Amino acid sequence: MSSENAGFFEDGQVLLFDKPLYWTSFDLVNKVRIMIRSEFGIKKIKVGHAGTLDPLATGLMIICTGKATKKIDEFFSLDKEYDATFHFGKTTPSFDLETESDGSYPTNQITQELVEKVLLGFLGEQQQVPPLHSAKFIDGKRAYEYARKGIEKELKPVSVVFSKIELISFGIPETRVRVRCSKGTYIRSFARDLGLALKSGCYLSALERSAIGSYRLAGAYTLEKFDQYLKLMKQI
């Protein structure tokens, strides 16, 4: 093991990763930590992330190592960009695929022209109610703890900003939309609100985060590529 290689991560690195589907954000951070420690024989190293992704989402996560973990707060305020797939005509309690459908609604009235018109109405600042199936705190507990017990709780709306909303492809039941928004925005809540605006139901069936500020998914490591990178570093 080279001390320079070990010090590279301890001195602090900002790494971009493509989070796999079904993994929690903690799963990815823990895996990256284990990979670095195992490859270079480092007993202890700080590793943290600069913003979570739901297990059912994929895409860009910023992971910081060593001294760079002190910079994590700087990334939280950056805008996020997502490619979202919305399923029209049904709703779920979690507004995504975490829970089973709890309602069906008509979709005959939904056209591409109507969707484009409605999406424009979401541009700018909005008051958005976060989903109960979320990590928001209510009376000292995570909101999802109440949701999983079937306990209804009211979450206060928060101010969010949509700076870009672009229709990628239209279809029934599924339509894809690219969204750029401020921190604290829940695309699942956007799915619920979109369904209401279309006088139908809607839930989020797939989500990929494509950018955080100027950082792009195209420059991110998969776990396989990061493993190759670590092995190359060790050889050098």
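Residues numbered from 1 in each chain as written. Predicted model: local features only at pLDDT ≥ 70, side-chain atom pairs only at ≥ 80, totals over all residues. Heavy atoms only, no water.

A. Just the environment of Arg209, in detail. When you line up the elements, Arg209 lands in strand 12 (residues 202–212). It is 11 Å that separates the C-alpha atoms of Arg209 and Asp79, two residues lying 130 residues apart in sequence. With residues up to four places along the chain from it excluded, the contact list for Arg209 reads Gly51, Thr52, Leu53, Thr58, Gly59, Leu60, Met61, Lys80, Glu81, Tyr82 and Leu217. A polar contact is formed between the side chain of Arg209 and the backbone oxygen of Gly51, at a distance of 3.3 Å. A distance of 2.8 Å separates a polar atom in the side chain of Arg209 from the backbone oxygen of Leu60. (Helix = DSSP H or I, 4+ residues; strand = E, 2+ residues; numbered from the N terminus. Contact = heavy atoms within 4.5 Å. Polar contact = N/O pair within 3.5 Å; in protein donor to acceptor, adjacent residues only side chain to side chain.)

B. Highlighting the pattern of salt bridges. Applying the stated criterion across every chain yields a total of eleven salt bridges. Here Glu81 and Arg180 are joined by a salt bridge, their closest N and O atoms 3.3 Å apart. Within this pair, whereas Glu81 is found in strand 4 (residues 80–88), its partner Arg180 is found in strand 11 (residues 174–181), the two being separated by 99 residues in sequence. Like Glu81, the residue Arg180 is buried in the burial classification. Between Asp96 and Arg188 there is a salt bridge; the shortest N-O distance is 3.9 Å. (Salt bridge = Lys/Arg side-chain N within 4 Å of Asp/Glu carboxyl O. Buried < 20%, exposed > 50% of the residue type's maximum accessible area, 1.4 Å probe, protein only.)

C. Seen up close, the pairing of strand 11. Relative to strand 11, strand 4 runs antiparallel, the two being bridged by eight bridges. For Phe86, the partnering residue across the bridge sits in strand 11 and is Thr175. Looking at chain direction, strand 10 (residues 158–169) and strand 11 are connected through six bridges and run antiparallel. If you follow Leu167 over to strand 11, its bridge partner there is Val177. With antiparallel pairing between neighbouring strands as the criterion, strand 10 and strand 11 make up a hairpin whose turn holds four residues. (Pairing = 2+ DSSP bridges.)

D. The arrangement of helix 2 (residues 25–40) in detail. For helix 2, with 16 residues, the first-to-last C-alpha span of 23 Å sits near the 22 Å given by 1.5 Å per residue. Residues Ser25, Leu28, Val29, Val32, Arg33, Met35, Ile36, Glu39 and Phe40 constitute the buried set of helix 2. When helix 2 is viewed along its axis, its buried side chains cluster within an angular range of 160° and face the same direction. Turned more than 90 degrees off the buried face of helix 2, the exposed positions are Phe26 and Ser38. One or two steps after helix 2, the chain reaches Gly41, where phi turns positive at roughly 70°. (Expected span 1.5 Å × (residues − 1). Arc of directions from axis to C-beta.)

E. Spatial organisation of the pairing of strand 3 (residues 57–65). Burial of strand 3 is extensive: nine of the nine residues sit out of reach of the surface. Bridge analysis of strand 2 (residues 47–49) against strand 3 gives three bridges, and the strand direction is antiparallel. By the bridge assignment, His49 is partnered in strand 3 with Ile63. Where strand 3 meets strand 12, three bridges bridge the pair, whose relative direction is parallel. Bridge assignment links Gly59 to a residue of strand 12, and that residue is Arg209.

F. Quick look at the packing of helix 2 against helix 7 (residues 223–235). The interhelical angle for the contact between helix 2 and helix 7, taken along N-to-C directions, is 20°, at an axis separation of 10 Å. It follows that helix 2 is roughly parallel to helix 7 by the angle criterion. Regarding helix 2 and helix 7, the two cross each other, and that crossing is right-handed. When helix 2 is examined against helix 7, the residues Leu28, Lys31, Val32, Met35, Ile36, Glu39 and Phe40 are found in contact with a partner set consisting of Leu223, Phe226, Asp227, Leu230, Lys231, Met233 and Lys234. Its residues placed into classes, the contact of helix 2 with helix 7 shows nine nonpolar, no polar and five charged. (Axes fitted to C-alpha atoms, helices over the stretch in contact; angles between N-to-C directions. Parallel < 35°, antiparallel > 145°, perpendicular 65-115°, else oblique. Left-handed = near helix turned anticlockwise from the far one by under 90°. Nonpolar A, V, L, I, M, F, W, Y, C, P; charged D, E, K, R; others polar.)

G. Looking closely at unusual backbone geometry. Going from Ile172 to Pro173, the amide bond is cis rather than trans, its omega being 15°. A positive phi angle is found at Tyr22, which is not glycine, with a value near 80°. In this model, Phe95 sits at a positive phi of 70°, which is unusual for a non-glycine residue. By secondary structure assignment, the location of Phe95 is in the loop between strand 5 (90–91) and strand 6 (103–104). Relative accessible area serves as the criterion here: at 14%, Phe95 is assigned to the buried category.

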